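Observations on the model geometry
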Amino acid sequence: MNYDPRYLKGIELFNAREFFDAHEVWEELWHETHGEARNFIQGLIQAATALHHFQNSNLKGAKLLYQSFGELLAPYPDRFMGIDLKKFKGDMAACFQGLNPYSVEALPGRYNPNKEKFPVQVEESKIPVVPLPSHDAP
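1. As for the packing of helix α2 (residues 19-32) against helix α3 (residues 37-55)
Running from N to C, α2 and α3 cross one another at 160°; their axes reach a closest spacing of 9 Å. In terms of orientation, α2 lies roughly antiparallel with respect to α3. In the packing of α2 onto α3, the handedness of the crossing is left-handed. Listed contacts from α3 to F19, F20, A22, H23, W26, E27, L29, W30 and H31 of α2 are R38, I41, Q42, L44, I45, A48, T49, L51, H52 and Q55.

2. Details of the side chain of H53
By secondary structure assignment, the location of H53 is in helix α3. Exposure remark for H53: the relative accessible area of 12% places this residue in the buried category.

3. Some points on the nonpolar core
One broad trend across soluble globular proteins is that nonpolar side chains are buried collectively. Grouped together as the largest cluster of nonpolar side chains are 44 residues, with contacts concentrated most on Y7, F14, W26, F40, I41, F88 and F96. Those elements that place two or more of their residues in this core are α1 (5-15), α2, α3, α4 (59-73) and α5 (85-96). It is α3 that contributes the most residues to this core, 10 residues altogether. Other than its neighbours up to four places away in sequence, F88 contacts F14, L44, A47, F69, I83, P128, V129 and V130.

What counts, and at which threshold
Residues numbered from 1 in each chain as written. Predicted model: local features only at pLDDT ≥ 70, side-chain atom pairs only at ≥ 80, totals over all residues. Heavy atoms only, no water. Axes fitted to C-alpha atoms, helices over the stretch in contact; angles between N-to-C directions. Helix = DSSP H or I, 4+ residues; strand = E, 2+ residues; numbered from the N terminus. Parallel < 35°, antiparallel > 145°, perpendicular 65-115°, else oblique. Left-handed = near helix turned anticlockwise from the far one by under 90°. Contact = heavy atoms within 4.5 Å. Buried < 20%, exposed > 50% of the residue type's maximum accessible area, 1.4 Å probe, protein only. Core = buried A, V, L, I, M, F, W, Y, C linked by side-chain atoms within 4.5 Å.

As structure tokens, then:
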């Protein structure tokens, strides 16, 4: 299968931990996507944005977008558009597991002056990567 270059570029940016840029590239693609791939692309956007917020200690935004990511990608099979989605969702869950005990309201947001002192911060070693799909993978 031939993938849109923006899809692949978003994956490359995501894997380089340039989450904001990955979000921007995928959002451009999302605006032009129709059918079953539309919510999938939106889920990838939510994953990138959740990690962007997590790295910037906006834990409230990170958790909200992580939850949205999960809801958007829940209906998809274990492999979609060349990505091992089961593994990716599991890796995201491991990355965000520290936030699970907290309600969204209990987490510091973007403008909280003490957000870096919150007991949960992103663990760099747990940030997932998305394997680049081969051009013939379903």
